[in-house]
Every structure is written in structure tokens, then in C-alpha cells.
Protein chains: 2
Amino acid sequence: MTTHLPHPHHPDVPEEINGLRMTRQRQEVYRFLLGERSHPTANEVFMRIKEALPHVSLATVYNCLEALVQHNAIRKVNFDREPSRYCPNLAEHGHFHDETTGTIHDVKFKPGISLADVLDLPPNTVIKDVEITLRGQLT
Amino acid sequence: MTTHLPHPHHPDVPEEINGLRMTRQRQEVYRFLLGERSHPTANEVFMRIKEALPHVSLATVYNCLEALVQHNAIRKVNFDREPSRYCPNLAEHGHFHDETTGTIHDVKFKPGISLADVLDLPPNTVIKDVEITLRGQLT
DNA sequence: AATTTAAATTAGAATAGTTCTTGATCCAAT
DNA sequence: ATTGGATCAAGAACTATTCTAATTTAAATT
């Protein structure tokens, strides 16, 4: 089944991102993530965009998220084996998981610091992706 | 069903680790991990220790691994949402995932470096656990 | 040494996030 | 308008892990 909804113009979301055609569903997913700092799960995205697209399916949300990740529009973030979360912050950063509240906060690097300065990497290593996760409490 | 196997003395594995009684199953799991640098999954541990304990169950392997993690005898390591892997290296270190071969290498910090020197942590943050994952290629 | 009690183990069922399948629908280009 | 490839929807399938219930083991006590 399809939505048969009009395809309104969303001036804040372009027609295309890094070569990915922005369908109505992808727009809603992306637009919601842009306004969220809470690193929502696929299911949370699903629940939220159903308000705008009542017939959207969870599989489509997964498809949209995966497409956006593949085209470097968003990042997928994992904590242990909890449900994956999605993050529109493309700058290199880590994630602090506050165990008291369950909330997740982006953590920036101090200016001028690169991971290679810190880690004893094997020679001839090409790093394509870095993930830094911190767990603890805000007191 | 039970093994009815004798409980041989393994001089390289103590009777107790950090207050955790080392049953035969826990000994086999722990001993195998100590000799492995490949960060095996629960299933890989299971397949391997079946040679010594033919009647061991996968649930028991999960129980043993969890008990060892809880008592700080080993570490649980996650890459995205792939099956969890287990690591006997207790020193603070990261993991480099070589995408070409699929192998995982421990990565040490450069001496004298602490994460707090590198990250812009919010004030009043108590860090209980850090996980650093790198993905890339060895050329 | 027998009894009691708690912990550990096992086998299989249950769970949950994610992926897959299939058919329908949309969209761009002819 | 038609065609062909991409996208979507609904639900089934998959899989790593956890849970349940029953059994067995080990430790503590008599």
C-alpha cells in the first residue's frame, strides 16, 4: 500500500544528498534526525514520522536510515548490543552514555588533537572510521 | 545431562578469580580465551571447548562469559551489532578491525596519555568504561 | 558420611532488533 | 503513454542472546 500523500516542498531538506535522491520518506527521517539530539533508535524514528506518514513501515525506516548512512548523511551509533541509534552530527566525536538517565551526549575532541597522537597504531594503517564510547555518570 | 568428567587440575587457571569460583566450564572458557588473540565470539568459544567438554551447552558458555566479565576477568567487545567478542586483555586499549581480513587487533594507548587529555568531557563526569573502535585496512 | 541448601548447568523455548522476500507503486526517461 | 529501475509496504525469516524449568553439582551442616 502507498501513502498517496502529496509531496510537499521542505525547504530545509534538499532534493538530493550526496547523490541520494530524497524521497518523501527519506526526507521525513532525515528532517526528524536533524532536529533531534537524543540519538533515536529506528523504532523511535518510526513512531515519530508516522505522524506525518501514517502508512510508513518500519522496514522503510530501516531502509532510509541505511541509505542515509551509506551516503554519509547521518551516522549509526552502537552501544554494546543495544538497538542502533542514529546521529546527524557528522563531525568526528564520541558518545557519552549517562547510565543514570540513559541519555547520550556527544563529546568533542579537544581542538588540535587527532587520534593518531594518542594511539599506538600499527604502521601502514588506514583508518576509515572511529568510534569512541564512554559510559558513566553525571554527578 | 551432565558430563561426569573428572575435574582435572589446571595449574594455569586458579580455583577462584576475583571471588568467582572457577567451575570446570568456567575454567575451560577462561583458559581458551587466555590463549586466544582473535577475540572469539560466544559461539566460537562454544565450538572450541566442546572438544574438552562434549556436553557443554551454549547457554553455559554465555553464562560463563558473563560471569567472567562481571568479575573483571575478561572484557566483552562489540563491533556494531555483530556478535559480541571476548578479550582477556584487561589493560585499557582499543580495537582495530581490519576490514580486509576481518581480524581484530588490540591497539595500545601511547604511554602517558589519558583520554581526559583528548576529549572535551562535560564537567562532573565520572567515566566507568571506555571503548575505542577503529575500522580500516592494513596496507 | 548423610542431609540440606544454594549455585551451576543443560536443553530448549522465547525474545527482539534487524534483514529479507515478494508484490505493489512510484518516478524518470524514453 | 510506456517501460524499467528504484522505492516502498507488510509480514515472514533470521540470529544473537536471554529466559525457563528441571536436573545436577558442589558446599555447608549436621
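Everything below is about the structure shown above.
Just so you know, these numbers come straight off a predicted model, no measurement behind them.

Draft legend 1. Molecular detail of the interface of chain A and chain B. Counting from both sides, the interface comprises 38 residues of chain A and, opposite them, 38 residues of chain B. Taken together, chain A and chain B are joined by 4 salt bridges. Among the salt bridges present, the one from Arg135(A) reaches Glu131(B), with a minimum N-O distance of 3.7 Å. Along the contact surface separating chain A from chain B lie 17 residue pairs in polar contact (both at pLDDT 80 or more). Sorting the residues of the side of chain A that touches chain B by element identifies β6 (104-109), β7 (119-120) and β8 (125-138) of chain A as the ones contributing at least two each. At 14 residues, β8(A) tops the list of elements feeding residues into the side of chain A that touches chain B. Of the residues assigned to the side of chain A that touches chain B, the class counts are 18 nonpolar, 8 polar and 12 charged. When β6(A) meets strand β7 (residues 119-120) of chain B, the two strands line up antiparallel, connected through 2 bridges. Its bridge partner lying in β7(B), Lys108(A) is registered against Asp120(B).

Draft legend 2. Fine view of a positive patch on the surface. Together, Lys76(A), Arg81(A), Lys76(B) and Arg81(B) give the surface a local cluster of positive charge. A relative accessible area of 38% means that Arg81(B) is categorised as partly exposed.

Draft legend 3. A look at the relation of the copies chain A and chain B. Between chain A and chain B, the superposition needs a rotation of 179 degrees and an axial shift of 0.0 Å, giving an RMSD of 0.1 Å. Taken together, the rotation and translation relating the two chain copies correspond to the operation of a two-fold axis. The rotation axis passes nearest to the C-alpha of Ile132(A) in chain A, at a distance of 2.3 Å. Looking at the interface residues of chain A, 100% of them are also at the interface in chain B, so both copies use one shared face.

Draft legend 4. Main features of the sheet that holds strand β6 (residues 104-109) of chain B. Read from one edge to the other, the open sheet built from 8 strands follows the order β7(A)-β6(B)-β5(B)-β8(B)-β8(A)-β5(A)-β6(A)-β7(B), with strand pairing classed as mixed. The open sheet has two edge strands with one neighbour each: β7 of chain A together with β7 of chain B.

Draft legend 5. Structural view of the side chain of Thr133(B). With respect to the helices, strands and loops of the structure, Thr133(B) is situated in strand β8 (residues 125-138). Beyond its immediate stretch of four places on either side in the chain, Thr133(B) contacts Asp129(A), Val130(A), Glu131(A), Asn78(B), Phe79(B) and His95(B).

Draft legend 6. Quick peek at the pairing of β8(B). Sheet topology note: the β8(A)/β8(B) ladder contains 13 bridges and is antiparallel. For Val130(A), the partnering residue across the bridge sits in β8(B) and is Leu134(B). Pairing geometry for strand β5 (residues 93-98) of chain B and β8(B), over 4 bridges, is parallel. Bridge pairing in β8(B) links His97(B) to Arg135(B).

Draft legend 7. Local environment of helix α1 (residues 24-34) of chain B. Where α1(B) is concerned, the buried positions are Arg24(B), Gln27(B), Glu28(B), Val29(B), Tyr30(B), Phe32(B) and Leu33(B). Structurally, α1(B) contributes buried residues whose contacts are with β1 (16-17), α2 (42-49), α3 (58-70) and β4 (85-87) of chain B.

Draft legend 8. View of the pattern of salt bridges. Residue and element names in this part refer to chain A. Counted according to the given criterion, the structure contains 16 salt bridges over all chains. Of the charged contacts in the structure, one is a salt bridge between Arg31 and Glu28, with a shortest N-O distance of 3.6 Å. Here Arg31 pairs with Glu28, and both are found in helix α1 (residues 24-34), just 3 residues apart, close to one helical turn. Residue Arg31 is classed as partly exposed on the basis of its relative accessible area, which comes to 29%.

The rules we used
Residues numbered from 1 in each chain as written. Chains lettered and ligands numbered in written order. Predicted model: local features only at pLDDT ≥ 70, side-chain atom pairs only at ≥ 80, totals over all residues. Heavy atoms only, no water. Contact = heavy atoms within 4.5 Å. Salt bridge = Lys/Arg side-chain N within 4 Å of Asp/Glu carboxyl O. Polar contact = N/O pair within 3.5 Å; in protein donor to acceptor, adjacent residues only side chain to side chain. Helix = DSSP H or I, 4+ residues; strand = E, 2+ residues; numbered from the N terminus. Nonpolar A, V, L, I, M, F, W, Y, C, P; charged D, E, K, R; others polar. Pairing = 2+ DSSP bridges. Patch = residues over 30% accessible without salt bridge, like charges linked within 9 Å, V, L, I, M, F, W, Y side chains within 5 Å. Areas by Shrake-Rupley, 256 points an atom, 1.4 Å probe, with all protein chains shown as cover. Lys, Arg positive; Asp, Glu negative; His and termini not counted. Charge placed at Lys NZ, Arg CZ, Asp CG, Glu CD. Buried < 20%, exposed > 50% of the residue type's maximum accessible area, 1.4 Å probe, protein only. Least-squares fit on C-alpha atoms with pLDDT ≥ 70 in both.

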